[in-house]
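Chain by chain, the residues:
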Amino acid sequence: MGIVDKVNFEELQVSEEVVNMLKNSMTSFLDKVSIWVTNFLTSMLTMISSVATVGVYTVVTILATYFICADRIYILDQIEHHFPKEWVKKFSKNVKKITKMLGGYLKAQGILIGINFVLVLIRINCV
């Protein structure tokens, strides 16, 4: 038994048309609220389950990074041992170039982000 059914409309002397319109509106409203709550709870469950996945990925990434860094000298020694010296020289030269270019790229991106931040901050304060 719904809330609308508990109200005694005969005492209020409301026409049947208005009662039907009120019942339909209330039903439609409750249906929409029910759909919204269902969607909200579903998205919350999805978000909570994705937090666990992100946590596992983060832990695995941190552990892999640690073990690679810890064995860096051994890995470089193995590379030098198994590849020709010319390849190792070219590889180290290219790694240095890539590192330098990546550093320049990240510096440029940092400058652009800083400029955009200042512009947005000025725009927000002027409005």
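Small disclaimer: the values here were computed from a predicted structure and weren't measured.

Parameters and conventions
Residues numbered from 1 in each chain as written. Predicted model: local features only at pLDDT ≥ 70, side-chain atom pairs only at ≥ 80, totals over all residues. Heavy atoms only, no water. Patch = residues over 30% accessible without salt bridge, like charges linked within 9 Å, V, L, I, M, F, W, Y side chains within 5 Å. Areas by Shrake-Rupley, 256 points an atom, 1.4 Å probe, with all protein chains shown as cover. Salt bridge = Lys/Arg side-chain N within 4 Å of Asp/Glu carboxyl O. Helix = DSSP H or I, 4+ residues; strand = E, 2+ residues; numbered from the N terminus. pLDDT = per-residue confidence, 0-100. Phe/Tyr/Trp six-rings, centres within 6.5 Å; stacked < 30°, edge-to-face > 60°. Buried < 20%, exposed > 50% of the residue type's maximum accessible area, 1.4 Å probe, protein only. 1 Å grid on protein atoms, 1.4 Å probe; cavity = no way out; pocket = protein on both sides within 12 Å on 5 of 7 lines; lining within 4 Å. Points joined across faces, edges and corners; volume = space filled by probe spheres on them. Nonpolar A, V, L, I, M, F, W, Y, C, P; charged D, E, K, R; others polar.

## As for a nonpolar patch on the surface
Next up, step 1: Where nonpolar side chains cluster on the molecular surface, the patch consists of Met-26, Phe-29, Leu-30, Val-33, Trp-36, Val-37, Phe-40, Leu-41, Met-44, Met-47 and Val-51 and spans about 1,000 Å² of accessible area.
Next up, step 2: One can find Met-44 in helix 3 (residues 16-70).

## Overview of the confidence of the model for the protein chain
Next up, step 1: Summary statistics for the protein chain give a mean pLDDT of 87 and a share of 89% for residues scoring 70 or more.
Next up, step 2: When mean pLDDT is compared element by element in the protein chain, helix 5 (residues 85-126) scores highest at 92, while helix 2 (residues 9-12) scores lowest at 65.

## Let's talk about the packing of aromatic side chains
Next up, step 1: Enumeration according to the criterion identifies three aromatic pairs in this entry.
Next up, step 2: Here Trp-36 and Phe-40 contribute two aromatic rings whose centre-to-centre distance is 5.6 Å and whose plane-to-plane angle is 10°, an arrangement assigned as stacked. Placement of both Trp-36 and Phe-40 in helix 3 is noted, with a separation of four residues, approximately one turn of the helix.
Next up, step 3: Looking at Phe-40, the relative accessible area reads 39%, which means it is partly exposed.
Next up, step 4: Look at Tyr-66 and Phe-67: their rings are 5.3 Å apart centre to centre, the planes differ by 65°, and that puts the pair in the edge-to-face class.

## Re the layout of surface pockets
Next up, step 1: Put simply, the largest pocket is a space of about 240 Å³.
Next up, step 2: Residue lining of the largest pocket: Arg-72, Leu-76, Ile-79, Glu-80, Val-88, Phe-91, Ser-92, Val-95 and Lys-96, and that is the complete set.
Next up, step 3: Going through the elements one at a time, helix 4 (72-82) and helix 5 are the ones with two or more residues in the lining of the largest pocket.
Next up, step 4: Looking at side-chain class alone, the lining of the largest pocket contains five nonpolar, one polar and three charged residues.

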